[in-house]
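Residue-level structure breakdown
One-letter residues, chain by chain:
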Amino acid sequence: MRLYYLKLFCMLILFSGQWAAFAQPGSLDTTFGTGGKTDFYLGLTNQYVFGMKVLPDNKMLVYGQEYVSPNGRPKAFLARLTQEGKVDSTFGVNGLAPIYYEYPLWTDQFAIAVQPDGKIIFIYNMSNLDLHYTAVVTRYTADGAFDDTFGVDGIVFLPDDLSFLPYSVVVAPDGKILIGGGASTAWYVPRNCTIYRLNPDGSLDNTFGNDGRSILQVGTYTEHIVAMEMQPDGKIVGVGRTQSQTNIGGIVVMRITDEGNMDPSFGFNGHIIKNYGYTVLQVKKINILPDGKILLAGDIGKNGKNDYCLYKFDSAGMVDTDFGTNGIKVIDLGSDTESVTGVCFQPDGKTILSSYNLSVLKMVEDGSLDNGFGDDGTFFKSDLPVEFDSLGSCEDIGLLSDNKIVLLVHNLAGYAANGQNIRQSTIIRLNNEILSDSKDLPKPTAAAEIFPNPASGVFTLKYTIDKSGPVTIKLTDASGKSVKTLLSNAHRTAGVYEEQYRFAPASAPGLFSVVIESKDGVQVKGVVKN
């Protein structure tokens, strides 16, 4: 008899591997790299990563600056990593794309997009000592070579009559390229929201704005576009950052027609400006929701302290007063450095934000924390093992095709080479909930518990319901065949439940599964009958 129960115990350990594969969302994915992270070095002097773009095959484009001698001038770089977070030597030359650069100019302020054909649009500015900014638009083939069908040998310089800082780029379905940012006659002159539109070959599209450039003045002291997203009808929603002469910040949300004008049917004459009583308002990304509403994600702050924030507007450009407090949801986790560096939107409407202080926060559709992720919706640097102590700021976040999360992080340890301090960078991977239309996949967000386990006749099931609605609980055998319905289509409101159930009297000892079906999805827990 003792041997029989030992076999059952071993079966439970083996079978539970099915559930272990669905690890707790918001936990470190220790199957990635070394204990959940991979360090990478691109062969550059003092590489500083600024952002990344996850590709459909789960490879990752990363970009930033290196500092070239003499005088340490910053030069842009673009590289590709493998799915494992290692330098992809099949991209460009030893993993790096060629970069147009003129010493001693500075390069900074980046924007990136990937076309449906895999070609890469990478934009940065070059500035001289007078801080006049010239934007460089480059297009690469999917394997990291200059695309000679674009501009001149893959390079386009935007007109330099204005000093322009690029922040965002969107590729339209017809292949045209929209570049948003801020432009002025000189660095010390207030900027205006500005959008350029290029034809697929890199030439300015003279059907847009004034010869391919639209300058959109909204009446504040200075403003520039920081994010753009295209609606299904082809109109562009742009979000800008504004600032008054007294240094009070705000955001402007605008909608742009195909001709490059503000859409008068949106907001107030094409735009809406909001401040919410804060001095700093930052938007990192826009999500056009299925109902046409507009969700913005970023941070908000005053008195030197920033907090996570979601803003929501309706499809007509007015504040969605049903969301949060007057259209805004602010979450304060107690840190002064909750400055958002990256945003991902899940297909189910949830939002994931990364912060400079290497924390991750996940919010559900109404802006509240997703308590099925990490520690009540959060992941902090303090959750990492001691081997991760050398990691510094988190610069960006991405979602893989299996919905796992990757973080791009500075590594402060570095190492010495040729008498110079060489900085490495790091990719961290976190587990996340599995998104699927199939009811055959267990939902990992709210782990069910069974006690006692093993059980003889009666056992207690503890489970969590996040979305109110009908709940069905079934008992299946080791082959997956349903042997008993424990609960049938019973209404349960959101909450935690502890309920007693009984095995079928005629069922033989062995391994069973309790399957909980609800609006949350499917949860599965193994139980042994002795």
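Residues numbered from 1 in each chain as written. Predicted model: local features only at pLDDT ≥ 70, side-chain atom pairs only at ≥ 80, totals over all residues. Heavy atoms only, no water.

1. A word on the packing of aromatic side chains
- One pass over the full model with this rule turns up 13 aromatic pairs.
- Summarising the aromatic geometry, the rings of Tyr63 and Phe122 are spaced 5.7 Å apart at their centres and angled 55° between planes, so their arrangement reads as tilted. Placement of the pair is Tyr63 in strand S3 (residues 60-68) and Phe122 in strand S6 (residues 120-127), with a sequence separation of 59 residues. The same class applies to Tyr63 and to Phe122, which are both buried.
- Ring centres 5.3 Å apart and planes at 15° place the aromatic pair Tyr140 and Phe146 in the stacked group.
- An aromatic cluster is defined as three or more aromatic residues linked by ring pairs; in this entry it consists of Phe50, Tyr63, Phe110, Phe122 and Tyr124. (Phe/Tyr/Trp six-rings, centres within 6.5 Å; stacked < 30°, edge-to-face > 60°. Helix = DSSP H or I, 4+ residues; strand = E, 2+ residues; numbered from the N terminus. Buried < 20%, exposed > 50% of the residue type's maximum accessible area, 1.4 Å probe, protein only.)

2. Things to note about the sheet that holds strand S12 (residues 213-216)
- Strands sit in the order S9-S10-S11-S12 across an open sheet of four strands; the sheet is antiparallel. Since the sheet does not close on itself, it has two edges, and those belong to strand S9 (163-171) and S12, each with one partner. Between one strand axis and the next, the sheet turns through 25° on average, direction left out of account. (Pairing = 2+ DSSP bridges. Axes fitted to C-alpha atoms, helices over the stretch in contact; angles between N-to-C directions.)

3. A few points about the nonpolar core
- Core analysis: the biggest nonpolar cluster contains 22 residues, and Tyr276, Leu296, Tyr311 and Phe313 have the highest contact counts within it.
- Secondary structure elements with two or more residues in this core: strand S13 (222-230), strand S14 (236-243), strand S15 (249-256), strand S17 (280-288), strand S18 (294-302) and strand S19 (305-313).
- Here this core gets four residues from one element, more than from any other, and that element is S17. (Core = buried A, V, L, I, M, F, W, Y, C linked by side-chain atoms within 4.5 Å.)

4. Here's the deal with the state of the cysteines
- Tallied over the full model, the rule gives zero disulfides.
- Cysteine Cys394 is unpaired, with the sulfur of Cys344 as its nearest cysteine sulfur at 10 Å. (Disulfide = S-S within 2.5 Å.)

5. Looking at the environment of His224
- Topologically, His224 is positioned in strand S13.
- Residue classification places His224 among the buried positions, given a relative accessible area of 13%.
- Ignoring any residue separated from it by four or fewer positions in sequence, one finds His224 in contact with Tyr167, Gly181, Gly182, Cys193, Val239, Gly240 and Arg241. (Contact = heavy atoms within 4.5 Å.)

6. Quick notes on the confidence of the model for the protein
- A residue-level look at the protein finds 91% of positions with pLDDT of 70 or above and a mean pLDDT of 87.
- With pLDDT under 50 throughout, residues 1-21 is counted as low confidence; its partners more than four residues away or in other chains account for 18 contacts.
- Across residues 437-445, where pLDDT falls below 50, the model places 23 contacts with residues more than four positions away in sequence or in other chains. (pLDDT = per-residue confidence, 0-100.)

7. A word on the pairing of S9
- With seven of nine residues buried, S9 lies mostly within the body of the structure.
- Linking S9 to strand S10 (residues 177-184), which pair antiparallel, is a turn of five residues; within it Gly175 sits at a positive phi near 90°.

8. Some remarks on unusual backbone geometry
- Cis rather than trans, the peptide bond between Phe451 and Pro452 has omega equal to -10°.
- Turning to its location among the elements, Pro452 is positioned in the loop between strand S28 (449-451) and strand S29 (458-465).
- Pro454 follows Asn453 through a cis peptide bond whose omega is 10°.
- Secondary-structure assignment places Pro454 in the loop between S28 and S29.
- Unlike most non-glycine residues, Asn326 shows phi in positive territory, near 55°.
- Mapped onto the fold, Asn326 is located in the loop between S19 and strand S20 (328-331).

9. Things to note about the pairing of strand S11 (residues 192-198)
- Burial within S11 is extensive, with seven of its seven residues counted as buried.
- Side-chain alternation along S11 places Asn192, Thr194, Tyr196 and Leu198 on one buried face and Cys193, Ile195 and Arg197 on a second face that is also buried.
- Across seven bridges, S10 lies against S11 in antiparallel orientation. Looking across to S11, one finds that Leu178 is bridged to Arg197.
- Alignment of S11 against S12, held across four bridges, turns out to be antiparallel. From the neighbouring strand, Tyr196 faces S12, where its bridge partner is Arg213.

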